[in-house]
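Results of the structural survey
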Amino acid sequence: MKTMTKTKGASALPLNTILSGDCLEVMNSLPEASIDLIFADPPYNLQLKGDLHRPDNSQVDAVDDAWDQFSSFAAYDRFTQDWLKAARRLLKPDGAIWVIGSYHNIFRVGAALQNEGFWILNDVIWRKSNPMPNFRGKRFTNAHETMIWASKEEGGKYTFNYEALKSLNEGVQMRSDWVLPLCTGHERLKNEEGDKAHPTQKPQSLLHRVLVGSTNPGDVVLDPFFGTGTTGAVAKMLGRDYIGIEREEAYRKVAEKRLANTRKLDREALQVSVSKRAEPRVPFGQLVERGMLRPGEELYSMNKRHKAKVRADGTLIGDAIKGSIHQVGAHLEGAPSCNGWTYWCFKRDGKTVPIDLLRQQIRAEMADRPN
């Protein structure tokens, strides 16, 4: 279903729809500074020469479509320069871009990104856990593709959900080499003849990691080479808005059917881990104002060695020292600093309760409020 939204100083933005036509023409028709993230899977310009066969002489269904063929490297470079220029115009000041490619094109794309003013943040290697073998045995198996992640300009802000990616990786910092399988089996879309709907369909796992890591719910994601709609399907599931551009009617039909059968995850499922610094700030005084702690009530250090009284203005007094929960804790411990939220606790019904539990209750209420 097509959704329209107004962008400041611009016409309506066609959200959650697939736009037909040449990517450059369509991109230039969209309002400036309206997109949060671009994921681009442009033609790789594979320069294939002749048919490719397996050892049993069966033919490999390689990428030999007209959309992947260019007359020369110069022609491909002009094409790349033009769509990247259009992409940069569309990005918001804090927007970013991901471009995926193979050794055939990614180095040329990387240089073009820098020439257009983008600032490269990372190159990420997608290492395929099930790559296609090199049937001729004359080169290494091509077991990876490269993605370039770049901000709109040097020093520009961008979204990076570090804690969410760390959680995806079992609590370990996410690296720049991702081991994920090719799109196969039930995920591989077929056309009406039962053949692969698209020769280079990307796996949902790849886009899931990209969008969880570099966008937030409600962000607008543009894919100028939409194909069968992996970007749109993952964006829809994750509560992001998408815009797809695709000139090939056959791919659009497959993508439209796919998106019609894709459902958005519920609100609770869309929440991801954030760093402590990114969570809403809650002053200790709010706990006093709301009656969660009472003036005159005693707090106890988690190590049970010290105590202090709560004052009406949200400060503490203990052992002849007055100040914030952090200052008093540091003084009592003879330490240069102290996180008062994890240092202090109170007693309820004979049980010791960390004051941070009250802070988390307030944060949960803040998250449930409608925007």
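As recorded in an unreviewed UniProt entry, the protein goes by the name Methyltransferase, listed as coming from Roseovarius litorisediminis. The annotation that UniProt attaches to the protein under Catalytic activity (unreviewed entry) is "a 2'-deoxyadenosine in DNA + S-adenosyl-L-methionine = an N(6)-methyl-2'-deoxyadenosine in DNA + S-adenosyl-L-homocysteine + H(+)".

A look at the overall build of the protein
When you go through the protein residue by residue, the secondary structure sums to twelve helices and 16 strands. Considering only contacts within the protein whose residues lie at least 6 apart along the sequence, 66% involve residues at least 24 apart. Just so you have it, the protein exposes about 20500 Å², and 49% of that area is on carbon and sulfur atoms.

So, a nonpolar patch on the surface
A surface patch of nonpolar side chains, about 280 Å² in accessible area, is lined by Tyr158, Phe160 and Tyr162. Within the secondary structure, Tyr158 is located in the loop between strand 7 (144-151) and helix 4 (162-168). You can call Tyr158 partly exposed: its relative accessible area is 37%.

With respect to the sheet that holds strand 10 (residues 241-246)
Strand order in the open sheet made by the eight strands is 3-10-9-4-5-7-6-8, with mixed pairing throughout. Either end of the sheet is taken by a strand with one partner, and the two such strands are strand 3 (17-20) and strand 8 (177-180). The sheet shows a mean angle of 20 degrees between the axes of neighbouring strands, taken without regard to direction. Pairing between strand 9 (residues 220-223) and strand 10: four bridges, direction parallel.

Remarks on the packing of helix 5 (residues 204-214) against helix 6 (residues 230-237)
Relative orientation of the contacting elements helix 5 and helix 6 amounts to 55 degrees, with a least axis distance of 9 Å. Taken together, helix 5 and helix 6 sit at an angle that is classed as oblique. By crossing handedness, the relation of helix 5 to helix 6 is classed as right-handed. Contacts between helix 5 and helix 6 involve Gln204, Leu207, His208 and Leu211 from the first element and Thr230, Thr231, Val234, Ala235 and Met237 from the second. In terms of residue class, the contact of helix 5 with helix 6 is made up of five nonpolar, four polar and no charged.

With respect to the sheet that holds strand 13 (residues 316-318)
Strand order in the open sheet made by the six strands is 14-13-12-11-15-16, with antiparallel pairing throughout. The open sheet terminates on both sides in strands that have one partner only, identified here as strand 14 (321-323) and strand 16 (351-354). The average angle at which neighbouring strand axes cross in this sheet is 35 degrees, direction not considered. In this sheet, strand 12 (residues 307-310) lies alongside strand 11 (residues 298-301) in antiparallel orientation, the contact comprising three bridges. Each bridged residue has a counterpart across the sheet, and for Tyr300 the counterpart in strand 12 is Lys307. In the packing of helix 10 (residues 325-333) onto the sheet, contacts are made with strand 12, strand 13, strand 14 and strand 15 (344-348), and the angle to strand 14 comes to roughly 150 degrees.

Looking at the pattern of salt bridges
Scanning the model with the defined rule gives 13 salt bridges in all. Of the charged contacts, one joins Asp356 and Arg359 as a salt bridge, the two residues approaching to 2.7 Å between their closest N and O atoms. Separated by three residues within a single helix, Asp356 and Arg359 lie in helix 12 (residues 355-368), roughly one turn from each other. Overall, Asp356 belongs to the buried group, its relative accessible area being 16%. Under the relative-accessibility criterion, Arg359 is labelled buried at 13%.

Things to note about the packing of aromatic side chains
Counted by the stated rule, this structure contains eleven aromatic pairs. Here the aromatic rings of Tyr76 and Phe79 are separated by 6.0 Å at their centres, their planes lie at 50 degrees, and the arrangement is tilted. Pair noted here: Tyr76 and Phe79 are both in helix 2 (residues 73-90), with a separation of three residues, about one helical turn. Look at Phe226 and Tyr242: their rings are 6.0 Å apart centre to centre, the planes differ by 15 degrees, and that puts the pair in the stacked class. On the criterion of sequence distance, the pair formed by Phe226 in the loop between strand 9 and helix 6 and Tyr242 in strand 10 is long-range, its members being 16 residues apart. Residue class for Tyr242 comes out buried when judged on its relative accessible area of 6%. Between the NZ or CZ atom of Lys347 and the centre of the ring of Tyr300, over which it lies, the distance is 4.6 Å.

Remarks on the nonpolar core
Ranked by internal contacts, the top residues of the largest apolar core, which has 32 residues, are Trp98, Met147, Trp178, Leu206, Val210 and Leu211. The biggest single contributor to this core is helix 5, with five residues. Once residues within four sequence positions are removed from consideration, Trp178 is found in contact with Trp98, Val124, Ile125, Trp126, Arg127, Met147, Leu206, Arg209 and Val210. Of all hydrophobic cores here, the second largest spans 31 residues; its members include Leu13, Ile35, Ala87 and Phe225.

Let's talk about unusual backbone geometry
Trans is the prevailing form of peptide bonds, just as negative phi is the prevailing case for residues other than glycine. Residue Ala33 is not a glycine yet carries a positive backbone phi of 50 degrees. For Ala33, the location among the structural elements is in the loop between helix 1 (23-29) and strand 4 (35-40). Classification of Ala33 as partly exposed rests on a relative accessible area of 30%. The residue Ala320 is not glycine, and still its phi comes out positive at about 65 degrees. Its place among the elements puts Ala320 in the loop between strand 13 and strand 14. Look at Ala320 and you get exposed, because its relative accessible area is 85%.

Parameters at a glance
Residues numbered from 1 in each chain as written. Predicted model: local features only at pLDDT ≥ 70, side-chain atom pairs only at ≥ 80, totals over all residues. Heavy atoms only, no water. UniProt positions renumbered as here; feature names shortened; annotations may be inferred. Helix = DSSP H or I, 4+ residues; strand = E, 2+ residues; numbered from the N terminus. Contact = heavy atoms within 4.5 Å. Areas by Shrake-Rupley, 256 points an atom, 1.4 Å probe, with all protein chains shown as cover. Patch = residues over 30% accessible without salt bridge, like charges linked within 9 Å, V, L, I, M, F, W, Y side chains within 5 Å. Salt bridge = Lys/Arg side-chain N within 4 Å of Asp/Glu carboxyl O. Buried < 20%, exposed > 50% of the residue type's maximum accessible area, 1.4 Å probe, protein only. Pairing = 2+ DSSP bridges. Axes fitted to C-alpha atoms, helices over the stretch in contact; angles between N-to-C directions. Parallel < 35°, antiparallel > 145°, perpendicular 65-115°, else oblique. Left-handed = near helix turned anticlockwise from the far one by under 90°. Nonpolar A, V, L, I, M, F, W, Y, C, P; charged D, E, K, R; others polar. Phe/Tyr/Trp six-rings, centres within 6.5 Å; stacked < 30°, edge-to-face > 60°. Lys NZ or Arg CZ within 6 Å of the ring centre and 35° of its normal. Core = buried A, V, L, I, M, F, W, Y, C linked by side-chain atoms within 4.5 Å.

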